Amino acid sequence: MSGVALLKCRACGHHWQFRRAACPACSAINPQPVEAAGGGTVWSVTSVHRAPLPEWDVPGGYGIALVTLDEGVRITCRTETGLAIGDVVRVTLRDGLPHATRT
Ligand SMILES: [Zn+2]
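A quick note: this is a predicted structure, and the numbers were derived from the prediction, not measured. (Residues numbered from 1 in each chain as written. Predicted model: local features only at pLDDT ≥ 70, side-chain atom pairs only at ≥ 80, totals over all residues.)

**Student:** Help me understand the overall build of the protein chain, please; the structure alone is not making it clear to me.
**Tutor:** Each helix and strand counted, the protein chain has 0 helices and 8 strands in total. Scanning the protein chain from its N terminus toward the C terminus, one meets helices and strands in the order β-β-β-β-β-β-β-β. Along the first, second and third principal axes, the C-alpha set of the protein chain runs to 45 × 25 × 20 Å. Of the contacts made within the protein chain by residues no fewer than 6 positions apart, 45% connect residues no fewer than 24 positions apart. (Helix = DSSP H or I, 4+ residues; strand = E, 2+ residues; numbered from the N terminus. Contact = placed C-beta atoms within 7 Å.)

**Student:** Please clarify how the sheet that holds strand β3 (residues 32-35) should be interpreted in this entry.
**Tutor:** In a beta sheet, neighbouring strands are held together by backbone hydrogen bonds and run either parallel or antiparallel to one another. Strands sit in the order β2-β1-β3 across an open sheet of 3 strands; the sheet is antiparallel. The outermost strands of the open sheet, each flanked by one partner alone, are β2 (15-16) and β3. Alignment of strand β1 (residues 5-8) against β3, held across 4 bridges, turns out to be antiparallel. In the sheet register, Lys8 faces β3, and the bridge partner there is Gln32. (Pairing = 2+ DSSP bridges.)

**Student:** Just to check I follow, could you spell out the environment of His15 for this structure?
**Tutor:** Topologically, His15 is positioned in strand β2. Spatially, the C-alpha atom of His15 lies 16 Å from that of Leu66, the residues being 51 residues apart in sequence. Residues within four places of His15 in sequence aside, it is in contact with Leu6, Leu7, Lys8, Glu71, Gly72 and Val73.

**Student:** Would you mind going over the environment of Arg20 with me for this structure?
**Tutor:** With respect to the helices and strands, the residue Arg20 is situated in the loop between β2 and β3. For Arg20, a count of 11 C-beta atoms within 10 Å translates into the label exposed. When the C-alpha atoms of Arg20 and Leu7 are compared, they prove to be 8.6 Å apart, with 13 residues separating the residues in sequence. (Buried ≥ 20, exposed ≤ 12 C-beta atoms within 10 Å, placed from the backbone.)

This is how it looks when you write it as structure tokens:
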């Protein structure tokens, strides 16, 4: 389990990330809170070499990736540099934020 909180529709099985009362796919209410399994694929990625905050500055920079979780939900993750579109990653929480690492 990755620790990334999702909601799952009890009627159709659709997953989504942000809290809402009704399923965006079928409008059923009463979704089930679930935790993402942690697997995903890089949909888009970029490297940051000039951090916006001094405390985020990392020698060599860091990456920001859009990752499509195995549940179908696309989330933003921090990552190491050097990832490419299509890489299979593992998503975990670090300091409360999603972090993707190549598997
Ligand atoms: Zn649904």
